[in-house]
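# Examination of the molecular architecture
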Amino acid sequence: QVQLVESGGGLVQAGGSLRLSCAASGRTISSYAMGWFRQAPGKEREFVAAIRWSTGGTYYGDFVKGRFTISRDNAKNTVYLQMTNLKPEDTAVYYCAVRYKSGIYSSIYEYPYWGQGTQVTVSS
């Protein structure tokens, strides 16, 4: 029904910046929100940020503390995650996902469709 493809990951030094992109393709859908999650090796997937598609309202995980910004481009069916002041503990595979109803933004169980992820590695 929908395909989500993440890009923009890579290797960056601590304190640097990256912008991740998630492009949606396939059948046209009316999403409620899109989110970013991340997962480090051996750890559970955790919530990073989410954005309401219609209003642009944003929600962030507790660890972000102003360093990350989520945004969307309606014309391109793309959501972005601008990451600044990156830290080694930000190293993880970053995934985007879409959901179609309200609820707990940080819950992975409310996002039925996921991308394959993009690797972000932050060196000391």
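The number of helices and strands found in the chain is 0 helices and 11 strands. Counting from the amino terminus, helix and strand elements in the chain follow one another as β-β-β-β-β-β-β-β-β-β-β. Judged by the C-alpha coordinates and their principal axes, the chain covers about 40 × 25 × 25 Å. Within the chain, the fraction of its 124 residues that count as buried is 42%. Looking at the chain alone, contacts between residues at least 24 apart form 55% of all its contacts between residues at least 6 apart. As presented, the chain carries roughly 6,600 Å² of accessible surface, and 47% of it is formed by carbon and sulfur atoms. Counting 13 positive and 8 negative side-chain charges, the chain places the centres of these two groups 6 Å from one another.

All right, on to the environment of Ala 40 then. Following the sequence through the fold, Ala 40 ends up in the loop between β4 (33–39) and β5 (46–52). For the pair formed by Ala 40 and Glu 89, sequence separation is 49 residues and the distance between their alpha carbons is 8.9 Å.

Within the fold, Thr 118 resides in strand β11 (residues 118–123). Given the relative accessible area of 10%, Thr 118 is considered buried. At 3.2 Å, the side chain of Thr 118 forms a polar contact with the backbone nitrogen of Gly 9. In this structure, Thr 118 is in contact with Glu 6, Ser 7, Gly 8, Gly 9, Leu 20, Ala 92, Val 93 and Tyr 94, ignoring residues within four places of it in sequence.

We now examine the packing of aromatic side chains. The final tally for this structure, using the stated rule, is 8 aromatic pairs. Where Phe 63 meets Phe 68, the ring centres are 6.3 Å apart and the plane angle is 85°; that geometry is what we call edge-to-face. The cationic tip of Arg 45 hangs over the ring face of Trp 114; the distance from NZ or CZ to the ring centre is 4.9 Å.

Rules behind the numbers
- Residues numbered from 1 in each chain as written.
- Predicted model: local features only at pLDDT ≥ 70, side-chain atom pairs only at ≥ 80, totals over all residues.
- Heavy atoms only, no water.
- Helix = DSSP H or I, 4+ residues; strand = E, 2+ residues; numbered from the N terminus.
- Buried < 20%, exposed > 50% of the residue type's maximum accessible area, 1.4 Å probe, protein only.
- Contact = heavy atoms within 4.5 Å.
- Areas by Shrake-Rupley, 256 points an atom, 1.4 Å probe, with all protein chains shown as cover.
- Lys, Arg positive; Asp, Glu negative; His and termini not counted.
- Charge placed at Lys NZ, Arg CZ, Asp CG, Glu CD.
- Polar contact = N/O pair within 3.5 Å; in protein donor to acceptor, adjacent residues only side chain to side chain.
- Phe/Tyr/Trp six-rings, centres within 6.5 Å; stacked < 30°, edge-to-face > 60°.
- Lys NZ or Arg CZ within 6 Å of the ring centre and 35° of its normal.

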